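Topology and contacts: notes
So you can see what is in the structure, the chains are spelled out below.
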Amino acid sequence: MKPDVLADGVYRVAAKIGSRNLFEGIWPIPDGVMLNSYVVEGSEKRVLVDLVKDWDGALEAVGDQLESLSLGEGDLDYIIINHMEPDHTGAMVEIVNHYPNVEILCSAKAVPLIKHFYKIEKNVRAVSDGETLDLGGKTLKFFMTPNIHWPETMMTFLQEDEILFSCDAFGSFGRYEYCFDDELSAEEKEKLASETERYYANIVSSFSPFVIKGIAKLDGLSIKMVAPSHGVVWRSEPEKIIERYRTLASYMQGPREKEVTVVWSSMYGNTQALLSSIVDGLKSEGIPVHVLRVPQTHESFVLEKVWRSEGLVIGMPTYEYKMFPPMYHVLDILERSHVQGRKTLRFGSFGWSGGAEKQFDEFVNAMKLDYRGVVEYQGSPSEEDKQKAYDLAKALAKDING
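Scope of this entry: the structure provided in the associated data block. (Residues numbered from 1 in each chain as written. Predicted model: local features only at pLDDT ≥ 70, side-chain atom pairs only at ≥ 80, totals over all residues. Heavy atoms only, no water.)

Re the overall build of the protein chain
Cut-off, in case you're wondering: What counts as a helix is a DSSP run of H or I of at least four residues, what counts as a strand is a run of E of at least two, and both are numbered from the N terminus. Partly exposed residues are those whose accessible area sits between 20% and 50% of the maximum for their type, while under 20% is buried and over 50% is exposed, using a 1.4 Å probe and protein chains only. Residue contacts are defined here by distance: any two heavy atoms, one from each residue, within 4.5 Å place the two residues in contact. Throughout, the Shrake-Rupley method with a 1.4 Å probe supplies accessible areas, and for residues the shown protein chains are the sole cover considered. Residues scored as charged are limited to Lys and Arg (positive) and Asp and Glu (negative), so that His and the chain ends carry no count. Where a charge lies is defined by one atom per residue type: Lys uses NZ, Arg uses CZ, Asp uses CG and Glu uses CD.
In terms of helices and strands, the protein chain carries 12 helices and 21 strands. Principal axes of the C-alpha set define a box for the protein chain whose edges measure 80 × 40 × 35 Å. Classification of the 402 residues of the protein chain by burial places 55% in the buried group. Of the contacts formed within the protein chain by residues at least 6 apart in sequence, a portion of 73% connects residues at least 24 apart. Total accessible area on the protein chain is roughly 16,400 Å²; 48% of this is exposed by carbon and sulfur atoms. For the protein chain, the distance from the average site of its 43 positive side-chain charges to the average site of its 61 negative ones is 4 Å.

As structure tokens, then:
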């Protein structure tokens with residue numbers, strides 16, 4: 001790869017990561033992910049904005065691009081660390097060894113993290129909110145945006161070119177052939193939209209109130225380009241990705257999309273036997289329905305759909321007096337991600353004894369779910385059970401449709 005030119009003296013140096021690993025050790029990336037760093041060259045100083053992890057050849061790829069910009073040893077003045085998570089800082093020791101006189105600039109909360117993660121204490125300086133850095137014809141301004149999504153997070157704005165280096169904010173999963181949003185094919189744009197939502201739900205959703213605060217802090221800026229650390233650079237429609245994040249953040253408190261996500265699991269088919277009654281009842285009101293089976297579907301994709309949906313239906317059997325374990329795991333992920341307030345139903349079978357409902361009630365309370373009832377039965381469902389399920393699902397969809 002060659003560096004991408006964002007503006008005169010501004011470059012993206014990036015690595016395309018494949019699908020062999022899990023992002024954060026949890027989330028599958030079937031279409032891979034981009035790791036983006038940026039170089040800003042003023043007439044007097046040079047800066048590298050954010051780093052990469054030595055992951056799947058990323059350090060070598062970025063190093064080659066830095067060399068192509070003639071950033072040889074000693075030719076880098078600053079490293080700006082917007083966020084300390086290792087996918088943006090894992091190569092810090094190698095980069096500092098290559099540029100031994102470089103100064104690291106970061107938020108005050110990031111300084112001890114650099115020490116503890118990488119044992120680097122020399123030439124590390126905290127910058128303050130609103131502080132500027134003059135590179136010679138290029139001026140960087142720093143904005144503290146804590147908890148998007150670690151407490152030490154900040155963003156960096158290049159004033160002359162009106163480029164926002166936003167790190168994890170406004171990012172996306174997926175690899176893309178070209179750098180900019182306006183270079184994507186229709187198929188890539190569709191993938192980007194979906195992978196942006198999944199990225200947000202998986203990585204950022206728990207911190208949605210801080211996303212809203214961070215966006216409000218940027219409202220006074222004229223932003224011509226959004227340059228995140230994952231995904232594409234938004235130069236054609238920078239406002240589109242900012243507004244998309246604002247909307248995604250709003251889903252925590254609502255309103256959400258008028259959709260229902262059905263998450264179901266079954267041991268021997270008895271819970272599954274009621275699924276079609278639920279789905280038919282929902283669809284009778286013309287509402288979009290997402291149907292996902294666990295554990296066959298990874299919780300990453302479940303969270304993506306649940307996050308955007310106003311309605312949630314959980315189908316699971318009792319397993320040894322408690323919830324079916326894969327569903328317990330999914331609900332634990334949803335609770336950790338602050339999925340709250342959904343209009344919810346449950347259905348499921350049991351064998352010699354129930355018990356799943358009692359444990360499910362704990363999630364109903366913790367997630368503040370608007371619980372509309374349960375269809376629970378021993379063995380296989382009766383025709384009365386199927387009719388009850390249909391009626392409850394239809395009433396749920398009707399209520400969501402308003």
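Regarding the nonpolar core
Rule in force here: Side-chain atoms within 4.5 Å link the members of a nonpolar core, which is a set of buried Ala, Val, Leu, Ile, Met, Phe, Trp, Tyr and Cys residues.
Grouped together as the largest cluster of nonpolar side chains are 93 residues, with contacts concentrated most on Ile 79, Met 92, Ile 104, Phe 170, Val 263 and Met 327. For this core, the leading source of residues is helix α5 (residues 186–204), giving six residues. With residues near it in sequence (within four places) discarded, Ile 104 still touches Ile 79, Ile 81, Met 92, Val 96, Ile 114, Ile 120, Asn 123, Val 124 and Arg 125. Among the nonpolar cores identified, the runner-up in size contains 25 residues, and Ala 7, Val 10, Val 127 and Ile 163 belong to it.

A few points about the pattern of salt bridges
What counts is decided by this rule: Salt bridges, as used here, are contacts in which a Lys or Arg side-chain nitrogen is within 4 Å of a carboxyl oxygen on Asp or Glu.
A complete count under the given rule lists 26 salt bridges for this structure. Arg 244 is the partner of Glu 197 in a salt bridge, and the nearest nitrogen-oxygen pair spans 2.4 Å. Here the residue Glu 197 occupies a position in helix α5, and Arg 244 occupies one in helix α7 (residues 238–250), the gap between them amounting to 47 residues. Overall, the relative accessible area of 10% leaves Glu 197 in the buried class. Between Lys 343 and Glu 310 there is a salt bridge, and its shortest N-O distance comes to 3.2 Å. Residue Lys 343 is located in strand β20 (residues 343–350), and its partner Glu 310 is located in strand β17 (residues 309–315); the two are separated by 33 residues in the primary sequence. Residues joined by salt bridges that share partners form a network here, namely Glu 197, Arg 244, Glu 259 and Arg 308.

Re the packing of aromatic side chains
Rule in force here: Aromatic rings from Phe, Tyr and Trp, with only the six-membered ring used for Trp, were paired whenever their centres fell within 6.5 Å, and each pair was classed as stacked if the ring planes differed by under 30 degrees, edge-to-face if by over 60, and tilted otherwise.
Tallying each qualifying case throughout the model produces 14 aromatic pairs. Between Phe 23 and Phe 173, the ring centres sit 5.2 Å apart and the planes meet at 75 degrees, which makes this aromatic pair edge-to-face. On the criterion of sequence distance, the pair formed by Phe 23 in strand β3 (residues 22–23) and Phe 173 in the loop between β13 (163–167) and α5 is long-range, its members being 150 residues apart. For the pair formed by Phe 23 and Phe 173, the shared burial category is buried. Between Tyr 200 and Tyr 245 the ring centres are 5.1 Å apart and the planes differ by 90 degrees, which places this aromatic pair in the edge-to-face class. Of this pair, Tyr 200 sits in helix α5 while Tyr 245 is found in helix α7, placing the two residues 45 residues apart along the sequence.

Comments concerning the sheet that holds strand β15 (residues 257–264)
Operational definition: By definition, two strands form a pair when at least two bridges between them are found by DSSP. The axes used here are C-alpha line fits, helices contributing only the stretch in contact, and every angle between their N-to-C directions lies in the interval 0 to 180 degrees.
Pairing in this open sheet of five strands is parallel, and the strands run β16-β15-β17-β20-β21 from one edge to the other. For this open sheet the edge positions go to β16 (289–293) and β21 (370–378), each flanked by a neighbour on one side alone. Taking the axes of each pair of neighbouring strands and ignoring which way they run, one obtains an average angle of 15 degrees across the sheet. Strand direction decides the pairing type here: β17 and β20, joined by five bridges, are parallel. Counterpart to Leu 312 in the pairing with β20 is Thr 344.

Concerning the packing of helix α8 (residues 275–283) against helix α12 (residues 383–401)
The following threshold applies: Two helices crossing with the near one rotated counterclockwise from the far one by less than a right angle form a left-handed crossing, whereas a clockwise rotation gives a right-handed crossing. Note that Gly is not counted as nonpolar here; it falls among the polar residues with everything else outside the nonpolar set of Ala, Val, Leu, Ile, Met, Phe, Trp, Tyr, Cys and Pro and the charged set of Asp, Glu, Lys and Arg.
Interaxial distance between α8 and α12 falls to 7 Å at its minimum, and their mutual angle equals 35 degrees. As α8 runs across α12, the sense of the crossing is right-handed. On α12, the residues touching Ser 277, Ile 278, Asp 280, Gly 281 and Leu 282 of α8 are Lys 386, Ala 389, Tyr 390, Ala 393, Lys 394, Leu 396 and Ala 397. Here the contact of α8 with α12 is composed, by residue class, of seven nonpolar, two polar and three charged.

Looking at helix α6 (residues 208–218)
Operational definition: Here the arc refers to the set of directions running from the helix axis out to each C-beta atom.
Burial in α6 covers these residues: Ser 208, Val 211, Gly 214, Ile 215 and Leu 218. Buried residues in α6, looked at end-on, bunch into an arc of 110 degrees, giving them a common side. Contact partners of the buried residues in α6: β11 (139–144), β12 (154–158), β13, α5, α7 and α9 (299–308).

Side note on a negative patch on the surface
What counts, and what does not: Patch membership is restricted to residues that have no salt bridge and whose relative accessible area is over 30%. Joining uses 9 Å for like charges and 5 Å for the nonpolar side chains Val, Leu, Ile, Met, Phe, Trp and Tyr.
Where like charges cluster on the molecular surface, the negative patch consists of Asp 54, Glu 60, Asp 64, Glu 67 and Glu 94. In terms of residues, the negative patch owes the most to one element, helix α1 (residues 58–68), which gives three residues. You can call Asp 54 partly exposed: its relative accessible area is 48%.

Some remarks on a nonpolar patch on the surface
Residues Met 267, Tyr 268 and Tyr 319 make up a contiguous nonpolar surface patch of roughly 350 Å² in combined accessible area. Mapped onto the secondary structure, Tyr 319 falls in strand β18 (residues 318–319). When its relative accessible area of 32% is taken as the criterion, Tyr 319 is described as partly exposed.

Considerations on α12
To be explicit about the condition: Here the expected span of a helix is defined as 1.5 Å times the quantity of residues minus one.
Over its 19 residues, α12 runs 27 Å from end to end, which matches the ideal 27 Å to within 8%, given 1.5 Å per residue. Of all the positions in α12, only Asp 385, Ala 389, Ala 393, Leu 396, Ala 397 and Ile 400 are classed as buried. An end-on view of α12 places all buried positions within 95 degrees of arc, on one side of the element. Opposite the buried face of α12, by more than 90 degrees, sit the exposed residues Glu 383, Glu 384 and Lys 398. Packed against the buried residues of α12 are β15, α8, β17, β20 and β21. Of the residues flanking the end of α12, it is Gly 402, one or two places downstream, whose phi is positive at about 75 degrees.

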